[in-house]
Amino acid sequence: MPSPTISPPVIRPIDTALATAAPQAGGALLIDRAALADNYRALAAQAAPAETAAVVKADGYGLGIAEVAPVLWRAGCRTFFVALAEEGAALRKLLRTARIFVLSGPLPGSVAALRQHELMPVLNELEQIAAWRATGAPAALHVDTGMSRLGLDVSAQALLLAEPARADNLKIALVMSHLACSEEAGHTMNAEQLARFQAVRERLAPVIGRPPASLANSCGIILGRDYALDMVRAGIALYGSEPSGAVPGRFRAVARLFGRVVQLRDVDPGTSVGYGATHRVAVAARLATVAIGYADGYPRSLSNRGIGFFGETPLPLVGRVSMDLTIFDASAAPKLRPGDWIELIGDHLPVDAVAARAGTISYEVLTRLGSRLARIGFGES
Ligand SMILES: *Cc1c(COP(=O)(O)O)cnc(C)c1O
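Small disclaimer: the values here were computed from a predicted structure and weren't measured.

Caption draft 1: Spatial organisation of the pattern of salt bridges. This structure, assessed with the given rule, holds 15 salt bridges. Of the charged contacts, one joins Arg99 and Glu51 as a salt bridge, the two residues approaching to 3.7 Å between their closest N and O atoms. Note that Arg99 is positioned in strand 4 (residues 99-102) and Glu51 in strand 2 (residues 51-55), a separation of 48 residues in sequence. By relative accessible area, which is 28% here, Glu51 ends up partly exposed. Here Arg372 makes a salt bridge to Asp324, at a shortest N to O gap of 3.0 Å. Note that Arg372 is positioned in the loop between helix 12 (362-367) and strand 18 (374-378) and Asp324 in the loop between strand 15 (313-316) and strand 16 (326-329), a separation of 48 residues in sequence. Taking the relative accessible area as the measure of exposure, Arg372 reaches 47% and is therefore partly exposed. On the basis of relative accessibility, which here comes to 33%, the residue Asp324 falls in the partly exposed class. Residues joined by salt bridges that share partners form a network here, namely Asp32, Asp38, Arg41, Arg252, Arg256 and Asp347.

What follows is the structure in structure tokens.
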């Protein structure tokens, strides 16, 4: 009789990565480097021949800039956007030769810091142009085409045209604008903003020349080649979310959030659970208390609505999410032990689905992930 072959246990890269979390860690945020690099390459292929820049503001959308920036660089990204000079300085330490744009521009008093770290501000108003042009260093120029948030408005554009001396010595490396409704492919604002942007570029050419142009964010890239112009600015799609919801799973999941079981208890019917006693156990149940809470960015709005997974087994979130702890009904997982990890965002729970349950958007879920989480990269890029 042939001896039975024993196949080795399948060890998932996620399990290996989780095993490296400090034994005392309550929550772990795993970053799939290969998925991040794949998402960059997929977006770059879609936008080509336009350049694909990566937006890594808010600590790389909450994933940790030290983890994501080098992966994006190795995937071929050479231009990065951050919101603030402080973020740019942190990025400069990681990537010595990248082009780094700072979206908020030179805030009063920040010109020296921008120069010191070789950051390029995005100039959003005439005062910022005035503050920057004396440096003789390059910058981007933002023109508003419908957001009413940042960028030269119509009157500032007119003033710049009427008084071109305001642009003396100004070196514009990029002219950009930002789409307000790119998540809705059929929205009339998209084409309107593109037309307005092209018209402003034409009008301003005598003053700023014809620098490369950028309009599209992640969903703008999906709108099509017309929107890519010379450079696209990819943010959320890099990190695995598709806000338009058009093709779920189009981008690979990058972030996986796990919380650790601290305590298990068996409870009788009628037992109340958590602050406010908002949940009462209907039948005898086993409850698992997990060391993650809203202080870690796990949304409190998931109270009595969230879900966790132990392996393939779904565990309903019961009661209110508290600051450091969340309770799940683990009756369906008799093998669960203290120290085990519960998946809260991941293969079973894409960030877009978690955000929908929480009544918010993937951007908010990711960027609020807390500093207490162990951030662990896994896989090769
Ligand atoms: C945040 C931001 C982006 C990236 O947007 P996503 O929707 O995350 O791709 C691009 N451009 C500007 C000006 C931004 O503020």
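Caption draft 2: Molecular detail of the layout of surface pockets. Reported here for the largest pocket is a volume of approximately 440 Å³. Around the largest pocket sit 23 residues that line it, and Lys57, Tyr61, Arg149, His178 and Asn217 are the ones nearest its centre. Every element with two or more residues in the lining of the largest pocket is listed here: helix 3 (57-61) and strand 9 (231-234). Per-class residue counts for the lining of the largest pocket are 13 nonpolar, six polar and four charged. Of the volumes computed, that of the second largest pocket is approximately 230 Å³. Looking at the second largest pocket, it is lined by 14 residues, and the ones nearest its centre are Arg12, Asp15, Phe310, Gly311 and Trp341. If you list the elements that add at least two residues to the lining of the second largest pocket, you get helix 1 (13-19), strand 14 (307-310) and strand 17 (341-345). For the lining of the second largest pocket, the residue count by class is six nonpolar, three polar and five charged.

Caption draft 3: Structural view of empty space enclosed by the protein. In this structure the tally under the stated criterion is one cavity of 30 Å³ or more. Each pocket or cavity is described by its volume, and for the largest cavity that value is around 30 Å³. Residue lining of the largest cavity: Arg12, Ile14, Arg256, Phe258, Glu343 and Asp347, and that is the complete set. Taken together, the residues that form the lining of the largest cavity break down as two nonpolar, no polar and four charged.

Caption draft 4: Molecular detail of the packing of helix 2 (residues 33-47) against helix 4 (residues 65-74). For the pair helix 2 and helix 4, interaxial distance at closest approach is 9 Å and the crossing angle is 50 degrees. Relative to helix 4, helix 2 is oriented oblique. In this structure, helix 2 meets helix 4 at a crossing whose hand is right-handed. Between helix 2 and helix 4, the contacting residues are Arg33, Leu36, Ala37 and Tyr40 on the first element and Glu67, Val68, Val71 and Leu72 on the second. Here the residues of the contact of helix 2 with helix 4 are counted per class, giving six nonpolar, no polar and two charged.

Rules and cut-offs
The residue count restarts for each chain, going from 1 along the sequence in the order it is written. Where local features are concerned, this predicted model is filtered to residues with pLDDT of at least 70; where side-chain atom pairs are given and counted, the filter is 80 or more; whole-chain, interface and lining totals use all residues. Working from all heavy atoms in the structure, the side-chain values ignore hydrogens and water. Any Lys or Arg side-chain nitrogen located within 4 Å of an Asp or Glu carboxyl oxygen qualifies as a salt bridge. Secondary structure follows DSSP: runs of H or I at least 4 residues long count as helices, runs of E at least 2 residues long count as strands, and numbering of each begins at the N terminus. Exposure classes here rest on a 1.4 Å probe applied to the protein chains alone. A residue is buried below 20% of its type maximum, exposed above 50%, and partly exposed in between. Of the two site types, the cavity is a set of points on a 1 Å grid over the protein atoms alone where a 1.4 Å probe fits but cannot get out, and the pocket is an open set with protein on both sides within 12 Å along at least five of seven lines, each lined by residues with an atom within 4 Å of a point. Grid points are joined across faces, edges and corners, and a volume is the space filled by probe spheres set on the points. Side-chain classes follow a simple rule in which Ala, Val, Leu, Ile, Met, Phe, Trp, Tyr, Cys and Pro form the nonpolar group, Asp, Glu, Lys and Arg form the charged group, and the remainder, Gly included, forms the polar group. In this description, a line fitted to the C-alpha atoms serves as the axis of each element, helices being fitted only across the stretch in contact, and the angle between N-to-C directions of two axes falls anywhere from 0 to 180 degrees. Note that the term roughly parallel is reserved for angles under 35 degrees, roughly antiparallel for angles over 145, roughly perpendicular for angles of 65 to 115, and oblique for everything else. Should the near helix be turned counterclockwise from the far one by less than a right angle, the crossing is left-handed, whereas a clockwise turn marks it as right-handed. Contacts are assigned to residue pairs that have any heavy atoms within 4.5 Å of one another.

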